[in-house]
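The lines below spell out each chain.
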Amino acid sequence: MSQLENLASPRADYAYAFLDPFAKRELRRRMLKAIAIPGYQVPYASRELPIARGWGTGGLQVTLSLVGPESIVKVIDQGADDSVNAANLRRFITRMSGASTTTDTLQATILQSRHRIPEEVMRDGQALVLQVPDPEPLRAVQSDSSKAHQMHADTDYSQMWLVLYEQLVRYKQYLQGASYPSLVNGRYLISPSPIPRWDTPKLHQAAHLTILSAGREKRMYAVPPYTDVYPLEFSDVPFQVEDQRGWIDTVTGALRGARGKFMDEIPQPDGTSRYGISDTGYLEKLIAQMRAASGADAAQNQVGATYYDDEGNFYKHGYLKPPVRPD
Amino acid sequence: MYVAAKGGEAAIQASEALFSALKGKPTRELVTAIQDTLPYLVDRVMGEASLYAPELASLAIAQSGGDLYEAVLLLRAYRSTQPRLAYAVPVAPESLLTVRRISAAFKDIPGGQVLGPSLDYSHRILNTEILDSEPHPVPERASHREAPTDDSGDQAHPPTPSPDGDGAVAASASYPLVAEWQRRAGLLAATPEHAPREPADIPDVTRDPALFPAPREHRLQALARADTGGVLALGYASMRGYGLIHPTVNELRLAHAEIEVKHPVTGVTFSAGRARVSQAEVVTTGDKTGLSLGFAATLGWNEVKLIAAATLDIEMNQSEPHPAHTEEFVMYHTEPVEASGFCIHFKLPHYVTFASSLDNLRKVISTFYSSDQDNETSADRAELEPITQRTP
């Protein structure tokens, strides 16, 4: 056996975690810059991945450059671990990295998500990777990206306030659904990705790191731990989360912790609706707890503290204000 | 030589011969192989040509060497030779033999989400092992021939999954509409009532002059036969931020439609065969009265085109859409045969029109810069507006 062969690493068809080391290094440097300037959109090269463009390739590149064999990865789409898209991304990440996976928010070291932040409070040291279709919150008011860039530089968000004002005049309420524009660290306006308004407050002074990455648009930005995030709102007409009072999960509805969580509406053939907790990892733990209480099973992973209690009160008291409608 | 086009016949024949020599001769086997192995390509050509004929579309692809605009033109030109013998009975979406139906609007829907045939969740990794494998004979024809009355050879897509002995249950053949649930829930306006109408009275975009605002029939027909890439470009522009709406895919279906025709003499309705069809519905909020719904359907299975087209359908209804999303802009510029034909017509000799423009350009130059006009400076020349002129 010649010495050269001993020194050479065994042939591998693909680099560890798919991306080549240079791509990973670039992504990590961009991430550091994004963390250093909270909310600022950092351009990056954005490689093509073997997943359709626009299907989470931005988030996936971040995850692939963070992941290691010791990582525990959770992937959700619309809150669900078991949706085909989440299952597919998880399959790809583990296939390429050897990382282990979990559905338990509290166990995960990296949590890649499309359109949701989990119900259980994330902690220090965890990374939340949000997939972003459109990183530019100003797009609706300024489709020329170089002009939008200038507006960010000048902190000129007057047109966004105008949009909100027009909504109040026309509809007597803010009309923005998901991706509610929010100000990070008092400086940059971001699109928090299409998370429901329910999830937007969870970014405020969060213990975990959030990285938002848009593959098609080649931009990433971050909300570092313990950073202010405020949705745009007029002082006399506060921002409102989705009103789902009265929506009760059909499986666990009676349990403590089963109310005041974000719900999916499931249309029924008879024209009515049923409701289910959107965060399936959380639901799983509630059900396990229910079984353990009835003696059927040993206690599983403990259900953690949640951002909202059963009455729908947010854990940072005073952050969300009661609704006010303009006359 | 190019100018030798004046010489006519011989040059044309030599040019065609060279084109054929570079791509090989289309054969019966090639046509069959295209039809059996490239159903999505065949569907795209049939949809844009608005003629459901898998075998002829495969022939068009083979004959044009895979130049899709040429293939669509071949099929459209053939379509012109066919008389319109009868009108089919309208196909109701509830009765479609559905192999794939998904809704992005709800986690689950009455009848269930049916993933069906799709590459959506596949890992896009080139299977290079195929290159190293032994050459093998022409691929076997797919075993499913689920439309016994259809001799046009619609066997490339298998029908709904069938029980395979391990407890799997066949999916239902047809499904209720998501939009129906929304109508019952008061989120969507009721379908407008229509007085019964003779099929021959339905406006037909292939035979009527274009007038705007276009009848709804014209718009849906134009989208059905629109260029996939063109519709995608305009639809994507809307989705990405030049539009006024955010589309949500309410329901997307791939299906086989039973084409029923009333016998002209006996009046008995009979099946003339089945056709692969697809349809998409997208919804958006932002209207005080409820959801706005966009719709598109086409011959063949073409999901990307329909999602873009259904988005444009809503966009075109907005009071002040982006110029690229007005009805006239969309309908004129996504017509594949007209757009591609006009674009390549610029290869035709234009030396007479060009000479006419050159004449003006020379006069302007001499007016401003000839030696006797020495009061003009070079600075003036720099400020001169560029001369632009459109030549027909």
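Scroll up a little and you will see the structure.
From a predicted model like this one, the values you see are computed outputs, not experimental measurements.

What counts, and at which threshold
Residues numbered from 1 in each chain as written. Chains lettered and ligands numbered in written order. Predicted model: local features only at pLDDT ≥ 70, side-chain atom pairs only at ≥ 80, totals over all residues. Helix = DSSP H or I, 4+ residues; strand = E, 2+ residues; numbered from the N terminus. Buried ≥ 20, exposed ≤ 12 C-beta atoms within 10 Å, placed from the backbone. Contact = placed C-beta atoms within 7 Å. Core = buried A, V, L, I, M, F, W, Y, C linked by C-beta atoms within 7 Å. Axes fitted to C-alpha atoms, helices over the stretch in contact; angles between N-to-C directions. Left-handed = near helix turned anticlockwise from the far one by under 90°. Nonpolar A, V, L, I, M, F, W, Y, C, P; charged D, E, K, R; others polar. Pairing = 2+ DSSP bridges. Expected span 1.5 Å × (residues − 1). Arc of directions from axis to C-beta.

A. Fine view of the overall build of chain B. Scanning chain B from terminus to terminus reveals 14 helices and four strands. With 392 residues in all, chain B has 31% of them scored as buried. For chain B, long-range pairs separated by at least 24 residues make up 65% of all intrachain contacts whose partners lie at least 6 apart in sequence.

B. Representation of the nonpolar core in the model. Within the largest apolar cluster, 62 residues are counted, with the highest numbers of intra-cluster contacts made by Val45(B), Met46(B), Ala57(B), Ala60(B), Leu75(B), Ala296(B) and Ala309(B). Among the elements that make up this core, the one with the highest residue count is helix H10 (residues 303-315) of chain B (seven residues). Beyond its immediate stretch of four places on either side in the chain, Ala296(B) contacts Leu220(B), Leu223(B), Ala224(B), Gln279(B), Ala280(B), Leu306(B), Ala309(B), Ala310(B) and Asp313(B). In terms of nonpolar packing, the next biggest core, distinct from the first, is built from 52 residues, Trp55(A), Leu66(A), Ala86(A) and Leu111(A) among them.

C. Representation of the packing of helix H2 (residues 28-37) of chain B against helix H4 (residues 54-63) of chain B. Residue and element names in this part refer to chain B. At a minimum axis separation of 8 Å, H2 and H4 run at an interaxial angle of 115°. As H2 runs across H4, the sense of the crossing is right-handed. Between H2 and H4, the contacting residues are Leu30, Val31, Ile34 and Gln35 on the first element and Pro54, Glu55, Ser58, Leu59, Ile61 and Ala62 on the second. Residue composition of the contact of H2 with H4, grouped by class: seven nonpolar, two polar and one charged.

D. View of the sheet that holds strand S8 (residues 209-214) of chain A. Residue and element names in this part refer to chain A. Pairing in this open sheet of seven strands is mixed, and the strands run S1-S9-S8-S5-S4-S2-S3 from one edge to the other. Single-partner strands in this sheet number two, and they are strand S1 (42-43) and strand S3 (100-101). Helix H3 (residues 57-66) contacts strand S4 (110-114), strand S5 (127-131), S8 and strand S9 (219-223) of the sheet and is inclined by roughly 155° relative to S5. Against the sheet, helix H4 (residues 84-97) touches strand S2 (72-77), S3 and S4, its axis set at about 155° to S2.

E. Representation of the pairing of strand S11 (residues 263-267) of chain A in the model. Residues and elements named next belong to chain A. As paired elements, S11 and strand S12 (residues 273-277) share five bridges and run antiparallel to each other. Across the sheet, Pro267 pairs through a bridge with Ser273, a residue of S12. What sits between the antiparallel neighbours S11 and S12 is a turn of five residues, in which Gly271 has the positive phi angle 95°.

F. Helix H2 (residues 21-36) of chain A, seen in detail. All names here are of chain A. The first and last C-alpha atoms of H2 sit 23 Å apart over 16 residues, in line with the 22 Å expected at 1.5 Å per residue. Among the residues making up H2, those that are buried are Leu27, Arg30, Met31 and Ala34. All buried residues of H2 project into a common sector of 105° when viewed along the axis, lining one side. Turned more than 90 degrees off the buried face of H2, the exposed positions are Pro21, Phe22, Arg25, Leu32 and Ala36. Contacts made by the buried residues of H2 are with S1, H3, S8 and S9.

G. Broad picture of the pairing of strand S1 (residues 97-102) of chain B. Residues and elements named next belong to chain B. Most of S1 sits inside the fold, with five of its six residues counted as buried. Sheet topology note: the S1/strand S2 (residues 248-262) ladder contains five bridges and is antiparallel. Looking across to S2, one finds that Thr98 is bridged to Ala255.

H. Representation of the sheet that holds strand S6 (residues 182-184) of chain A. All names here are of chain A. Pairing is antiparallel across the open sheet formed by three strands, whose spatial order is S7-S6-S10. Each having just a single partner strand, strand S7 (188-190) and strand S10 (229-231) make up the two edges of the open sheet. Strand-to-strand twist across the sheet, computed as the mean angle between neighbouring axes with direction ignored, equals 30°. Pairing of S6 with S7, which is carried by three bridges, proceeds in the antiparallel orientation. Among the inter-strand pairings, Val184 is bridged to a residue of S7, identified as Tyr188.

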